[in-house]
Amino acid sequence: MLDGVRTLLSEATRSIRGVLEDWCDTELPPAMSMVDALSDLGLRVAALTGLSLRVQCDNPATDPPATVSFTVLNVAQEVLLNTCKHAPGAHAAMRLRAIGSGFELSICDDGPGFDPVAMYRRHDIVGGLGLGALPRRMTSVGGSFSILSRPGHGTQVLIRWPAIAGCRDSHGHGGCRPDVSAR
């Protein structure tokens, strides 16, 4: 029975991912701000998955370059899809706010949480394109990515642009590794 539910969730996630990837397949249209794009993404994910998602976007002073907006949008999509896949029934919130000359995007859920250190170790061994690859994607555009989580305590992801000085992963790159003691 449980395997059947997992198979259905996996198939649903693949079809949702396909719809969202088609939507995110090209760079943002010039008329769509990052605030509008993130709000639209939140509405689409909630409508397609049933995820209880609250979206709050404070309008940053200026939009980042299109490559940054595009990367942030794709990273946020991956985080939300992971929430749907690994925390069905969870409540989630996505908040964009201006900080300094950049922004911080926080995506939180009240799901079962996980051990991000173990996830990063697994990713370092087997690779992949999931959560383990997101810090590198954000550092490629001058941003940072961190995960705060532990089993039984939900998950919080912080995406910042530009990256906060001094935040380095275990490979010396600018994407933060998880700080599991913070939760």
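Because the structure is a prediction, the values reported are computed rather than measured.

Quick look at the sheet that holds strand S5 (residues 155–161)
Phase 1: Reading across from one edge, S1-S2-S3-S5-S4 is the order of the five strands in this open sheet, with mixed pairing throughout. Of all the strands in the sheet, the pair left with one neighbour each is strand S1 (52–57) and strand S4 (144–149). Across the sheet, the mean angle from the axis of one strand to that of its neighbour is 10 degrees, orientation sign disregarded.
Phase 2: Bridging between S4 and S5 involves six bridges; their strand directions are antiparallel. Counterpart to Ser146 in the pairing with S5 is Leu158.
Phase 3: Lying over the sheet, helix H3 (residues 66–86) contacts S1, strand S2 (91–99), strand S3 (102–109), S4 and S5, oriented at roughly 10 degrees with respect to S3.

Overview of the pattern of salt bridges
Phase 1: This model, assessed by the stated rule, comprises four salt bridges.
Phase 2: In this structure, the salt-bridge partner of Asp40 is Arg44, at a minimum N-O distance of 3.0 Å. With a gap of four residues between them, Asp40 and Arg44 both fall in helix H2 (residues 34–49), about one helical turn apart.
Phase 3: Exposure remark for Asp40: the relative accessible area of 22% places this residue in the partly exposed category.
Phase 4: Looking at Arg44, the relative accessible area reads 33%, which means it is partly exposed.

Reading the values: the criteria
Residues numbered from 1 in each chain as written. Predicted model: local features only at pLDDT ≥ 70, side-chain atom pairs only at ≥ 80, totals over all residues. Heavy atoms only, no water. Pairing = 2+ DSSP bridges. Helix = DSSP H or I, 4+ residues; strand = E, 2+ residues; numbered from the N terminus. Axes fitted to C-alpha atoms, helices over the stretch in contact; angles between N-to-C directions. Contact = heavy atoms within 4.5 Å. Salt bridge = Lys/Arg side-chain N within 4 Å of Asp/Glu carboxyl O. Buried < 20%, exposed > 50% of the residue type's maximum accessible area, 1.4 Å probe, protein only.

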